[in-house]
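What follows is each chain in one-letter form.
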Amino acid sequence: MSPTLPRTAPGIVAVEVLCPILAARGVRPRVLDFEVLAPVPEPPTSSLRSRLSRTIALAWRASPFALASMVLAALLAGAAPTGMAWYARRVLDGVARGERQVVLVGIVAEAVLLFLTYVAGGLNQFATARLRLTLGFLLQRAILEKAIAVPYACFEDAGFYDALTRARREAVGRPVALLAGFFAMVQAFAVLAGSAALLFRFSPLCALAILLAALPSFFTETRFATAIFRLQNRRATEAREQAYLEQVLTRDDHAKEVRLFGTGPTFLERARRVFSLVFEEDQALARRRLLVGLGADLVALALFYAVYVSVAVRALAGALTVGDLGLALVTFKQGDGALKQALGGLRGLYMDQQYLGNLYGFLDLPVPPKRPLLPAARARDERGLRFENVGFTYPGAKRPALLGVDLFLAPGKKLALVGENGSGKSTILKLVAGLYEPTEGRIFLDGRDLAAWDPEALRARLAVVFQDFVRYQLPVRDNVAPRAAEDAVPDEGIRRALARSEAGPIVKKLAQGLDQRLGKWFPGGVELSGGEWQKLALARAFLREQADLLLFDEPTAAIDPAAEAALFARVRSETEGRMAILVSHRFSTVRLADEILVMDGGRVAERGDHDALLGAEGRYAALFRLQAAGYR
Ligand SMILES: Nc1ncnc2c1ncn2[C@@H]1O[C@H](COP(=O)(O)OP(=O)(O)OP(=O)(O)O)[C@@H](O)[C@H]1O
């Protein structure tokens, strides 16, 4: 385990210890869940051993068969070369002495051992491919589960994105690479140990030399592995920017603007600049690595040839048999190969485990249990939605988005929010939806502090359509009922929701009806207009028939006026007895609300129903007349 932010992190301690104390004094600290999650995983501190054992445990969960096969293959491939060298010596000595049987048995034994190494190679390849898929999937799922579990505010933090990107990048190949490197190294060390043991017969010094030859390369390679790792981690943001630029140039929803604004070459140039920055640093490191690596190889080479020469000199002096000389030669070659393999394995292992720190660090990010920052306020005996002096500042923002907002929405009533861009309308909806907690004041739903609501229970009360609603590249049915639990919704229910959002005729037009795949990302998909997509998003909200608090953030911005009028007549009748908050810039819609709040700079500037606000001749009246004049 490599928790990069342990549960005892100062941020968490601060929240856990300070909140009750401050609460007792009536102070509400400006600490969000988000702030304890935001830190990007630090470079990993946990050891190679712990990461390796964690990876082995995960691999066992993903595919015990593949892991066992890799172990077996490593053992086979590690032991066979020593046996083959031994039999080679017997064959040569047998030939020299004319012992036919010894020669024959030796050759057959060598052939069998060689065949076993082929089997080991094939088995290893098969098992590695299988583990890459199963373990990759297991880890991808764990990352996605974590992404679902963290508070929404994390998605506003670039550091979190970097950590997520790094974790996703490592999940597919890295753990298997670590295991493959580990087993290759075990295998190579087995061969090396066998070679050293065989050489030990001739000279203990030779055996020692063959082991010592590994050291210079090992030290230089591990040092460079760390440098490369640090470089890549430092560049997570650049890598993400490059991926983003590629996305801008290749995604369907960007393609129009890219063409019409002629931004293609500009974005390409930006991508090239990011690439060359990264490339230059990479190359400088690669050049240094090449030179230092060559030096280390030279040392190893010198040691090997010293062994070679000493064995040859002794053979010339008649102190060794032909078989001994052959054994020395074979062992020498095998030792050289095994050394390279062991080094490669060690280098890979060292590097992979550092990258795995990113992955495990992300998976170990603590997800604080959803609980209020302060003990919830005392419950009141009332029904409806109440904002009491609510203020809110976005994480990392300098200025508050909302200040001293008071409002009350009685059951069954409709509230409209109007105001200039950036005046805080959407922020109010996000607070009601529980995506953020207010940094000042309280929100009550049916008399209970929203912070005390169970998120699932709150979700069941809500139906939301945001400005930036999602266009699922999935069949109509899944666009309206994307939750697995709602899949059981009969077609009748889905059609009812579609009819409520005036989307019935859209589906009638589609060749495959509810099964028609939408969007152009997948074969057979049909693209809809902006307004048609919006009606589907509305149907998704209307499907939640049990919800009694409906939040609409400009739900009709892309819908034509005739459809909008029909839609709202329907919304009023369909939402009879349910609360609704509507953000809109269209006054023809807004005027139907029971109460209208005019927002300005995060504060409520005016409030009242349409007639009262018109009569007040304030900002609302001015804006209303301005818009009405546009329609004349
Ligand atoms: N995720 C965010 N992080 C930081 N600041 C934000 C974020 N979202 C909005 N803001 C800021 O909060 C203020 C209120 O934004 P909000 O989206 O509530 O405005 P709005 O009234 O809904 O605007 P519009 O009519 O353009 O939709 C703005 O100044 C905006 O810059």
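To be clear, the structure that these remarks concern was listed above.
Residues numbered from 1 in each chain as written. Predicted model: local features only at pLDDT ≥ 70, side-chain atom pairs only at ≥ 80, totals over all residues. Heavy atoms only, no water.

Asker: How should empty space enclosed by the protein be read in this particular structure?
Answerer: Empty space among the atoms becomes visible once a probe the size of a water molecule is rolled across them. For the structure on display, the rule yields 2 cavities of 30 Å³ or more. Approximately 110 Å³ is the volume attributed to the largest cavity. Forming the boundary of the largest cavity are 13 residues, of which Lys 414, Phe 568, Val 571, Arg 572 and Leu 582 lie nearest the centre. Listing elements by their share of the lining of the largest cavity, those giving two or more residues are strand E3 (414-419), helix H20 (561-574) and strand E8 (579-583). Classifying every residue of the lining of the largest cavity gives 9 nonpolar, 2 polar and 2 charged. Estimates place the volume of the second largest cavity at around 40 Å³. Residue lining of the second largest cavity: Leu 199, Val 307, Tyr 308, Val 311, Ala 328, Leu 329 and Phe 332, and that is the complete set. Looking at the lining of the second largest cavity, the elements with two or more residues in it are helix H12 (264-316) and helix H13 (322-363). (1 Å grid on protein atoms, 1.4 Å probe; cavity = no way out; pocket = protein on both sides within 12 Å on 5 of 7 lines; lining within 4 Å. Points joined across faces, edges and corners; volume = space filled by probe spheres on them. Helix = DSSP H or I, 4+ residues; strand = E, 2+ residues; numbered from the N terminus. Nonpolar A, V, L, I, M, F, W, Y, C, P; charged D, E, K, R; others polar.)

Asker: What is the right way to read the site of the ligand from this model?
Answerer: In the region of the ligand, 15 residues are neighbours, and Glu 156, Gly 422, Lys 425, Ser 426 and Thr 427 sit closest. In the environment of the ligand, an oxygen atom lies 3.1 Å from a nitrogen or oxygen atom belonging to the backbone of Ser 423. Contact with the protein chains removes 67% of the 630 Å² of surface that the ligand exposes when unbound. For the shell around the ligand, a count of residues per class yields 2 nonpolar, 8 polar and 5 charged. (Near = heavy atom within 4 Å. Polar contact = N/O pair within 3.5 Å; in protein donor to acceptor, adjacent residues only side chain to side chain. Areas by Shrake-Rupley, 256 points an atom, 1.4 Å probe, with all protein chains shown as cover.)

Asker: Honestly, unusual backbone geometry in this entry has me stumped. Any pointers?
Answerer: Residues apart from glycine generally show negative phi values, whereas peptide bonds are mostly found in trans. Positive phi outside glycine occurs at Asn 389, with the angle close to 50°. Residue position: Asn 389 is located in strand E1 (residues 385-392). With a phi angle near 55°, Glu 617 is a residue other than glycine that sits in the positive phi range.

Asker: Can you help me understand the nonpolar core in this one?
Answerer: Note that soluble globular proteins tend to have their nonpolar side chains buried in a common cluster. Formed by 36 residues in total, the largest nonpolar core has its most connected members in Leu 131, Leu 135, Ile 143, Leu 359 and Phe 362. Broken down by secondary-structure element, the contributors of at least two residues to this core are helix H3 (48-62), helix H4 (64-97), helix H5 (100-149), helix H6 (158-171), helix H7 (174-200) and H13. Among all residues touching Leu 131, those that are not within four sequence positions of it are Ala 59, Ser 63, Ala 66, Met 70, Gly 136, Val 176 and Leu 179. (Core = buried A, V, L, I, M, F, W, Y, C linked by side-chain atoms within 4.5 Å. Buried < 20%, exposed > 50% of the residue type's maximum accessible area, 1.4 Å probe, protein only. Contact = heavy atoms within 4.5 Å.)

Asker: Just checking my understanding: could you explain the pattern of salt bridges for this structure?
Answerer: Where charged atoms from two side chains of opposite charge come close, those side chains can pair. Following the criterion strictly, the structure yields 24 salt bridges and no others. Among the ionic pairs, Asp 352 bridges to Arg 174, the shortest N-O distance being 2.9 Å. Here Arg 174 lies in helix H7 and Asp 352 lies in helix H13, a separation of 178 residues in the sequence. Across this residue pair, the class does not change: Asp 352 and Arg 174 are buried. Residues Arg 477 and Asp 515 are paired through a salt bridge, measuring 2.4 Å at the closest nitrogen-oxygen approach. Taken together, the residues span a long stretch of sequence, with Arg 477 in helix H16 (residues 476-480) and Asp 515 in the loop between helix H18 (504-509) and helix H19 (530-542) at a distance of 38 residues. (Salt bridge = Lys/Arg side-chain N within 4 Å of Asp/Glu carboxyl O.)

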